[in-house]
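Each chain is listed here by its residues.
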Amino acid sequence: MIPSSFTYKRASSAEEACDLAAEYGEDAKYLAGGHSLLPLMKLRLAAPEMLIDLGGLRDLSYLTDQGSHIAIGALTRHHDVQHSDLLAREVPLLAHAAGQVGDPQIRHRGTIGGSIAHGDPASDLPAVLLALDATLVARGTDGTREIPIGEFFQGLFETALEPDELLTEIRVPKPPAGGRGWSFQKFTQRAIDWAIVGVAVQGGHVALVNMAGTPLRATAVEAALAGGASPAEAAAHAAEGSSAVSDIRATREYREHLARVLTSRALTETASRAA
Ligand SMILES: Cc1cc2nc3c(=O)[nH]c(=O)nc-3n(C[C@H](O)[C@H](O)[C@H](O)COP(=O)(O)OP(=O)(O)OC[C@H]3O[C@@H](n4cnc5c(N)ncnc54)[C@H](O)[C@@H]3O)c2cc1C
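What counts as what
- Residues numbered from 1 in each chain as written.
- Predicted model: local features only at pLDDT ≥ 70, side-chain atom pairs only at ≥ 80, totals over all residues.
- Heavy atoms only, no water.
- Phe/Tyr/Trp six-rings, centres within 6.5 Å; stacked < 30°, edge-to-face > 60°.
- Buried < 20%, exposed > 50% of the residue type's maximum accessible area, 1.4 Å probe, protein only.
- Helix = DSSP H or I, 4+ residues; strand = E, 2+ residues; numbered from the N terminus.
- Lys NZ or Arg CZ within 6 Å of the ring centre and 35° of its normal.
- Contact = heavy atoms within 4.5 Å.

Draft legend 1. Broad picture of the packing of aromatic side chains. Considering all chains together, one arrives at 2 aromatic pairs under this definition. Aromatic side chains Phe152 and Phe153 sit 5.1 Å apart centroid to centroid with 90° between the ring planes, which places their arrangement in the edge-to-face category. Residue classification places Phe152 among the buried residues on the basis of a relative accessible area of 0%. Residue classification places Phe153 among the buried positions, given a relative accessible area of 11%. Aromatic pair Phe187 and Tyr254: ring centres 6.4 Å apart, planes at 80°, arrangement edge-to-face. Residue Phe187 is found in strand β11 (residues 182-187), and its partner Tyr254 is found in helix α11 (residues 252-274); the two are separated by 67 residues along the sequence. A residue is classified by how much of its surface remains accessible, and Tyr254, at 35% relative accessible area, is partly exposed. Between the NZ or CZ atom of Arg273 and the centre of the ring of Trp182, over which it lies, the distance is 3.6 Å.

In structure tokens form, the structure reads like this:
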């Protein structure tokens, strides 16, 4: 439970963080809330030689109304996302889901940017942001670029970020006023656990937690809904296109069953909210 030795630097600006990451390349890791990275380091599943602490970048913690979308700084903590009045009004799905991450201690440390950059398909917020069609903003030594969330998750713990790139902002489009409803369903063994399976729905968009190596849009469900299927009929397609694994907590077949059941519940709740 003791990490291998590493060098620690605390960045005082996003520019300095990117410069340090460019200098050390694959040997460097950014440290945000530390609630995913530090456990991996203690288990020696990650052994960065250089830790670049982002904790001093207070200017990357914010939630602002940009008219058509909400801009969220990558270092905004889950607790602040959960309790944002702006999100409660404009994107309640995201505020609600942030409140389902771990326990209060984790939500006070973990950041929305860390949750996305980590690329864990069992995390809640990546699937939620996929259902919301978010856009991610990354800053590197060569400048800034926007990445549609559908192109961001590339494999298990793999994202589109280059080693020197820092995720700086998440842009969440506002669902239409009056919306078409939303829901987040998460099935866990214990209250603070990661989801065995989860489902996020915003209007006609449906995304799954832990049903593949990346968060996944349930496109067969979305197509059925667009064709006029009922929640129960559409939910029957929830496992199509997935590649869930069997592990100590659930078999693949059980995960597929959960995906159908949770999607049915989520679509029913979405419809009742829309009404
Ligand atoms: C006991 C426990 C229970 C948990 N339960 C849940 C749960 O139920 N649901 C859930 O979704 N999560 C859960 N988590 C994970 C938690 O949400 C983490 O906070 C989150 O996954 C990572 O955020 P972080 O800020 O701690 O990132 P860190 O651990 O600091 O970093 C994670 C990875 O992202 C990279 N990174 C961080 N920030 C950036 C950035 N701005 N730009 C580029 N790369 C960056 C780091 O280099 C690292 O590789 C749990 C964690 C613990 C310890």
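Moving on from the coordinates now.
Draft legend 2. Broad picture of helix α8 (residues 124-131). Counting buried residues in α8 gives 8 out of 8 residues, a clear majority hidden from the surface. Within the sequence span of α8, burial applies to Asp124, Leu125, Pro126, Ala127, Val128, Leu129, Leu130 and Ala131. Trailing α8 by a residue or two, Asp133 shows a phi angle of about 60°, which is positive.

Draft legend 3. Region of the structure containing helix α9 (residues 219-226). By the burial criterion, the buried members of α9 are Ala220, Val221, Glu222 and Ala224. Among the structural elements, β13 (205-209), β14 (216-217), α10 (231-235) and α11 are those in contact with the buried residues of α9. Once α9 ends, the next one or two residues include Gly228, with phi positive near 95°.

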